[in-house]
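# Fold and contact review
Here are the chains, one letter per residue:
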Amino acid sequence: MIKKILIIICVFMLCGCNTLNINKLTLNEIVDASINKEIKDYNVNNKGYRYLLPTEFSVFKDEDFVQELTSHNSIYYLNVDIVSYYYKNKIQTEHDLNDYEYFTFESGEKTGYLRIRKNNDYFFVELCYNYAIIEVEVKMEDLRYAVSRGMMILNSIKYNDVVIEKYINENDIDSKETIYKIPEPKNKNDSKNILQYIEEYEESEE
């Protein structure tokens, strides 16, 4: 009971909490606190959706449904899947026994998961919720920060049904398609970090 009360208190503190407060919570508690907080504000408006970008973040690259966000010298890849939202597709994910951390969570009809894979001194965070995914590679000391800010962004996403329906119909998109494709290493134990891999992927696409 006391633990639940502490989590509820954290709901009201999360948006303004500092590193010390975050470090007092487990990753599971950070996620629980985030999904229980209703966020009505937003400061980023995009095609078919909007969201609240934390003050420590900035938009580095914007390609409608895929955005690169920067904070504390890390690049966060935000991928918003309006197709899955429109058709209410279920989240597809694979859990590997070698994952550093993995758990699923839900709030009402929204479901999500947190998956973390260790790669040398870095941790690749894959955070999915509310029909969107945030991916980032950080060091151990930044894990809680990455998860808390990532959840803040994902939980704040609000979709515009009218705009999305128009986009789906005009582009003749069916329920099997997704707006984005996330490049990732074929070998999860590759010595390269995810940023190096994505740079090579983008160069090969040019």
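Below: a short report on this structure. (Residues numbered from 1 in each chain as written. Predicted model: local features only at pLDDT ≥ 70, side-chain atom pairs only at ≥ 80, totals over all residues. Heavy atoms only, no water.)

## Let's talk about the environment of Lys24
Mapped onto the secondary structure, Lys24 falls in the loop between α2 (19-22) and α3 (27-35). Here Lys24 falls in the exposed class, since its relative accessible area comes to 63%. Separated by 120 residues in sequence, Lys24 and Arg144 have C-alpha atoms that sit 9.7 Å apart. (Helix = DSSP H or I, 4+ residues; strand = E, 2+ residues; numbered from the N terminus. Buried < 20%, exposed > 50% of the residue type's maximum accessible area, 1.4 Å probe, protein only.)

## Some points on the pairing of strand β9 (residues 132-139)
With 7 of 8 residues buried, β9 is to be regarded as a mostly interior element. Across 4 bridges, the pairing between strand β5 (residues 74-80) and β9 is antiparallel. Bridge assignment links Tyr77 to a residue of β9, and that residue is Glu135. As consecutive antiparallel partners, strand β8 (residues 122-129) and β9 are separated by 2 residues, and within that stretch Asn130 has a phi angle of approximately 60°, a positive value. (Pairing = 2+ DSSP bridges.)

## What about the nonpolar core?
By size, the foremost hydrophobic cluster in this structure holds 45 residues, and its most contacted members are Tyr51, Leu78, Phe105, Leu114, Val125 and Tyr159. Per-element accounting of this core gives the leading share, 7 residues, to helix α5 (residues 143-156). Excluding its chain neighbours within four sequence positions, the residues that come into contact with Leu114 are Leu27, Glu101, Tyr102, Phe103, Phe105, Val125, Glu126, Leu127 and Val147. (Core = buried A, V, L, I, M, F, W, Y, C linked by side-chain atoms within 4.5 Å. Contact = heavy atoms within 4.5 Å.)

## Concerning the sheet that holds strand β10 (residues 158-159)
Ordered in space as β1-β2-β10, the 3 strands form an open sheet in which the pairing is antiparallel. Either end of the sheet is taken by a strand with one partner, and the two such strands are β1 (44-46) and β10. Note that strand β2 (residues 49-51) and β10 share 2 bridges and pair antiparallel. Following the sheet pairing, Tyr49 is matched in β10 by Tyr159.

## Regarding the sheet that holds strand β4 (residues 66-71)
Taken in spatial order, the 7 strands of this open sheet run β3-β4-β5-β9-β8-β7-β6, and their pairing is antiparallel. In the strand order of this sheet, the two ends are held by β3 (58-63) and β6 (101-107), each with one partner. Taking the axes of each pair of neighbouring strands and ignoring which way they run, one obtains an average angle of 15° across the sheet. Across the sheet, α3 is in contact with β6, β7 (110-119) and β8; its angle to β6 comes to roughly 20°. Taken strand by strand, α5 contacts β4, β5, β6, β7, β8 and β9, and its axis lies near 20° from that of β8. (Axes fitted to C-alpha atoms, helices over the stretch in contact; angles between N-to-C directions.)

## Here's the deal with the environment of Val163
Tracing the chain through its elements places Val163 in helix α6 (residues 161-170). Between the C-alpha atoms of Val163 and Gly48, which are 115 residues apart in sequence, the distance is 5.2 Å. Residues within four places of Val163 in sequence aside, it is in contact with Lys47 and Gly48.

## Examining the packing of α3 against α5
One way to put it is that α3 packs onto α5 with a least axis distance of 9 Å and a crossing angle of 20°. Relative to α5, the element α3 lies roughly parallel. Considering the relative orientation of α3 and α5, their crossing is right-handed. In contact with Leu27, Ile30, Val31, Ser34 and Ile35 of α3, α5 contributes Leu143, Arg144, Val147, Ser148, Met151 and Asn155. Per-class residue counts for the contact of α3 with α5 are 7 nonpolar, 3 polar and 1 charged. (Parallel < 35°, antiparallel > 145°, perpendicular 65-115°, else oblique. Left-handed = near helix turned anticlockwise from the far one by under 90°. Nonpolar A, V, L, I, M, F, W, Y, C, P; charged D, E, K, R; others polar.)

## Regarding the side chain of Asn46
Relative to the assigned elements, Asn46 resides in strand β1. Other than its neighbours up to four places away in sequence, Asn46 contacts Asp62, Asp64 and Gln67.

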